[in-house]
Amino acid sequence: QQQVKQSPQSLIVQKGGISIINCAYENTAFDYFPWYQQFPGKGPALLIAIRPDVSEKKEGRFTISFNKSAKQFSLHIMDSQPGDSATYFCAAAGTSGSRLTFGEGTQLTVNP
Amino acid sequence: NAGVTQTPKFRVLKTGQSMTLLCAQDMNHEYMYWYRQDPGMGLRLIHYSVGEGTTAKGEVPDGYNVSRLKKQNFLLGLESAAPSQTSVYFCASSYGLAGGTLAKNIQYFGAGTRLSVL
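Residues numbered from 1 in each chain as written. Chains lettered and ligands numbered in written order. Predicted model: local features only at pLDDT ≥ 70, side-chain atom pairs only at ≥ 80, totals over all residues. Heavy atoms only, no water.

Trainee: Is there a simple way to think about the overall build of chain B in this case?
Mentor: Counting its secondary structure elements, chain B contains one helix and eleven strands. When the helices and strands of chain B are read in sequence order from the N terminus, they spell out β-β-β-β-β-β-β-β-β-α-β-β. In summary, chain B has a C-alpha radius of gyration of 14 Å against a globular reference of 13 Å for 118 residues, a match within 12%. When its C-alpha atoms are laid out on the principal axes, chain B stretches across 45 × 30 × 30 Å. Among the 118 residues that make up chain B, the fraction classed as buried is 49%. Once local pairs closer than 6 in sequence are excluded, the contacts in chain B between residues at least 24 apart make up 56%. When the accessible surface of chain B is summed, it comes to about 5600 Å², and 55% of that surface belongs to carbon and sulfur atoms. Computed over 11 positive and 7 negative side-chain charges, the separation of the two mean positions in chain B equals 5 Å. (Helix = DSSP H or I, 4+ residues; strand = E, 2+ residues; numbered from the N terminus. Rg over C-alpha atoms; globule rule 2.2 N^0.38 Å. Buried < 20%, exposed > 50% of the residue type's maximum accessible area, 1.4 Å probe, protein only. Contact = heavy atoms within 4.5 Å. Areas by Shrake-Rupley, 256 points an atom, 1.4 Å probe, with all protein chains shown as cover. Lys, Arg positive; Asp, Glu negative; His and termini not counted. Charge placed at Lys NZ, Arg CZ, Asp CG, Glu CD.)

Trainee: What should I look at first to understand the interface of chain B and chain A in this one?
Mentor: Much of the literature gives interface size as the accessible area that the parts lose upon coming together. Contacts between chain B and chain A engage 25 residues on the former and 20 residues on the latter. The contact between chain B and chain A buries some 1800 Å² in all, and 52% of this surface belongs to carbon and sulfur atoms. Contact with chain A buries surface across chain B, with L43(B), N105(B) and F109(B) losing the most and accounting together for 28% of the total. Taken together, the connections running from chain B to chain A amount to zero salt bridges. Taken together, chain B and chain A are joined by four residue pairs in polar contact (both at pLDDT 80 or more). For the side of chain B that touches chain A, a count of residues per class yields 13 nonpolar, ten polar and two charged. (Buried area = accessible area lost by both parts, 1.4 Å probe. Salt bridge = Lys/Arg side-chain N within 4 Å of Asp/Glu carboxyl O. Polar contact = N/O pair within 3.5 Å; in protein donor to acceptor, adjacent residues only side chain to side chain. Nonpolar A, V, L, I, M, F, W, Y, C, P; charged D, E, K, R; others polar.)

Trainee: When you look at the packing of aromatic side chains in this model, what are you seeing that I'm missing?
Mentor: Aromatic ring pairs are reported here in terms of the distance separating the ring centres and the angle at which the planes meet. For the coordinates displayed, the defined rule picks out 16 aromatic pairs over all chains. A centroid spacing of 5.5 Å and a plane angle of 90° characterise the contact between F102(A) and Y35(B), whose relative ring orientation is edge-to-face. Taken as a pair, F102(A) in strand β10 (residues 101-102) and Y35(B) in strand β4 (residues 31-38) lie in two separate chains rather than in one. The burial state of F102(A) is the same as that of Y35(B); both residues are buried. Put simply, the rings of Y36(A), F89(A), F102(A), Y33(B), Y35(B), F90(B) and F109(B) pair up and form one aromatic cluster. (Phe/Tyr/Trp six-rings, centres within 6.5 Å; stacked < 30°, edge-to-face > 60°.)

Trainee: Please clarify how a nonpolar patch on the surface should be interpreted in this entry.
Mentor: Residue and element names in this part refer to chain A. A surface patch of nonpolar side chains, about 240 Å² in accessible area, is lined by I18, I20 and M78. Mapped onto the elements of the fold, I18 is located in the loop between β2 (10-14) and β3 (19-25). On the basis of relative accessibility, which here comes to 48%, the residue I18 falls in the partly exposed class. (Patch = residues over 30% accessible without salt bridge, like charges linked within 9 Å, V, L, I, M, F, W, Y side chains within 5 Å.)

Trainee: When you look at the pairing of β3(A) in this model, what are you seeing that I'm missing?
Mentor: All names here are of chain A. Here β3 shows a clear split, with S19, I21, C23 and Y25 buried on one side and none of I20, N22 and A24 buried on the other. As defined by bridge partners, strand β1 (residues 4-7) adjoins β3 across four bridges and the pair is classed as antiparallel. Looking at the pairing, V4 lines up with Y25 of β3. One ladder, built from six bridges, connects β3 with strand β8 (residues 72-77); its direction is antiparallel. (Pairing = 2+ DSSP bridges.)

In structure tokens, the structure reads:
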């Protein structure tokens, strides 16, 4: 049972465009929503994270938008660059501990 | 700055063989995790540990065993490898609850072990 659903599975964007990846969750006890970035041959690394007390968090070209009532959150990459080409995972964790539940992943390709 | 180190990086096994994957972290983290990554399925938690001497089952524990005899090391064992265990395995660590509200959830990953079972 996948508690965090991620879409799309793959995404191709032109350089300078906006990349948008969406996630939906089921468990209302989740209170921490990170995004991880993974380059080929490497392990995932934390990119940006949000807690449900805010609706948006921005770090440079990366923004998380959070909709608590819809139980959805999304990653927006502005001015996408070829160096952003990677696999992106959304995740969620609850108040009872630090275990993360990951989405299926999105393979992003930014064409020059 | 080693962080989380996994050995080996690659391994090919025959069905029925056994092996142990080693994970070492130098960040004094309480929590450690083993995941497997398969195409289209994201990262699935196999086992985890909330401190030295403790282990717990994750989402997909069958066919695997783990041990955490030292705080810095977390071992993943396959007693009798099966082709369905062909995957990329990742170890991760985090401060856990000891890190406080903000830090406890941040997991730091190793570079992975690519395992093929023939």
